[in-house]
Amino acid sequence: MPTWPAIAVFGTTVAIGLYMGLQYLRGVRNNRMLVGIHVLIGVAGLEVFALLLRGAPDGTHLAESRMGPAAALFLAAALFTGFVVPLIAPAKPGAVGPTLAVHASFGLVAFGVLLLWVLG
């Protein structure tokens, strides 16, 4: 089963996230369309990742490893913390920065584990 779709999808999501993170650190508000694209590509990447974990419809799948479920756990954590940010922003604006840092950390670790799994 080719693994390049997962790397391309999550690589794009990570690149958009890095750009948005730099914009946040500069104090520039991110475009809502870009945020939406980041979310949609990330969620679509989970579907590609599910194919890698469970196997493609034609029956091919990657070798069993503990790295796959670990990457799935980190991806789920990144998705969850990403959705928490807009929920807490109105009530506690001071918590947005640390929550975004946790989201970015989970996302980068997930991408690194994914790379180790599919390329290793």
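In this report, we go over the structure that sits alongside the text. (Residues numbered from 1 in each chain as written. Predicted model: local features only at pLDDT ≥ 70, side-chain atom pairs only at ≥ 80, totals over all residues. Heavy atoms only, no water.)

Within the protein chain, the secondary structure is distributed over four helices and zero strands. Sequence-ordered secondary structure for the protein chain, helices as α and strands as β, is α-α-α-α. Scored against the burial criterion, the 120 residues of the protein chain give a buried share of 27%. When contacts within the protein chain are restricted to residue pairs at least 6 apart in sequence, long-range pairs at least 24 apart make up 70% of them. For the protein chain, the exposed surface amounts to about 7500 Å²; the carbon and sulfur share of it is 72%. (Helix = DSSP H or I, 4+ residues; strand = E, 2+ residues; numbered from the N terminus. Buried < 20%, exposed > 50% of the residue type's maximum accessible area, 1.4 Å probe, protein only. Contact = heavy atoms within 4.5 Å. Areas by Shrake-Rupley, 256 points an atom, 1.4 Å probe, with all protein chains shown as cover.)

The subject of this paragraph is the packing of helix H2 (residues 32-54) against helix H3 (residues 67-88). Packing of H2 against H3 brings their axes to within 11 Å, and their N-to-C directions diverge by 160°. The angle between H2 and H3 falls in the class roughly antiparallel. Crossing of H2 against H3: the hand is left-handed. Listed contacts from H3 to Val39, Val43, Leu46, Phe49 and Leu53 of H2 are Gly68, Pro69, Ala71, Ala72, Leu75, Leu79 and Phe83. Of the residues that constitute the contact of H2 with H3, the class distribution is 11 nonpolar, one polar and no charged. (Axes fitted to C-alpha atoms, helices over the stretch in contact; angles between N-to-C directions. Parallel < 35°, antiparallel > 145°, perpendicular 65-115°, else oblique. Left-handed = near helix turned anticlockwise from the far one by under 90°. Nonpolar A, V, L, I, M, F, W, Y, C, P; charged D, E, K, R; others polar.)

This part is about the packing of helix H1 (residues 4-26) against helix H4 (residues 96-119). Taken N-terminus to C-terminus, the directions of H1 and H4 make an angle of 155°; their axes are 11 Å apart at the nearest point. Classed by the angle they form, the pair H1 and H4 counts as roughly antiparallel. Here H1 runs over H4; the crossing is left-handed. Contacts between H1 and H4 pair Ala6, Ile7, Phe10, Gly11, Val14 and Tyr24 from the former with Val96, Gly97, Leu100, Leu108, Phe111, Leu114, Leu115, Val118 and Leu119 from the latter. Per-class residue counts for the contact of H1 with H4 are 13 nonpolar, two polar and no charged.

Our focus in this paragraph is a nonpolar patch on the surface. A cluster of nonpolar residues, Val35, Val39, Val43 and Phe83, forms a patch on the protein surface that exposes about 280 Å² of accessible area. Here the nonpolar patch gets three residues from one element, more than from any other, and that element is H2. Take Val43: it is sitting in helix H2. (Patch = residues over 30% accessible without salt bridge, like charges linked within 9 Å, V, L, I, M, F, W, Y side chains within 5 Å. Salt bridge = Lys/Arg side-chain N within 4 Å of Asp/Glu carboxyl O.)

On the secondary structure map, Ala110 appears in helix H4. Ala110 sits 100 residues away from Phe10 along the chain, and the two C-alpha atoms are 9.4 Å apart. When neighbours within four sequence positions are excluded, Ala110 is seen to be in contact with Ala71, Phe74 and Leu75.

What follows concerns H2. Taking 1.5 Å of rise per residue, 23 residues should cover 33 Å, and H2 covers 33 Å from first to last C-alpha, within 8% of that figure. Within H2, the full set of buried residues consists of His38, Gly42, Gly45, Phe49 and Leu52. Those residues of H2 that are buried are in contact with H1, H3 and H4. Structurally, the start of H2 carries an N-cap: the backbone nitrogen of Met33 is 3.0 Å from a side-chain oxygen of Asn31. Looking one or two residues beyond H2, the residue adopting positive phi is Gly55, at roughly 110°. (Expected span 1.5 Å × (residues − 1). Polar contact = N/O pair within 3.5 Å; in protein donor to acceptor, adjacent residues only side chain to side chain.)

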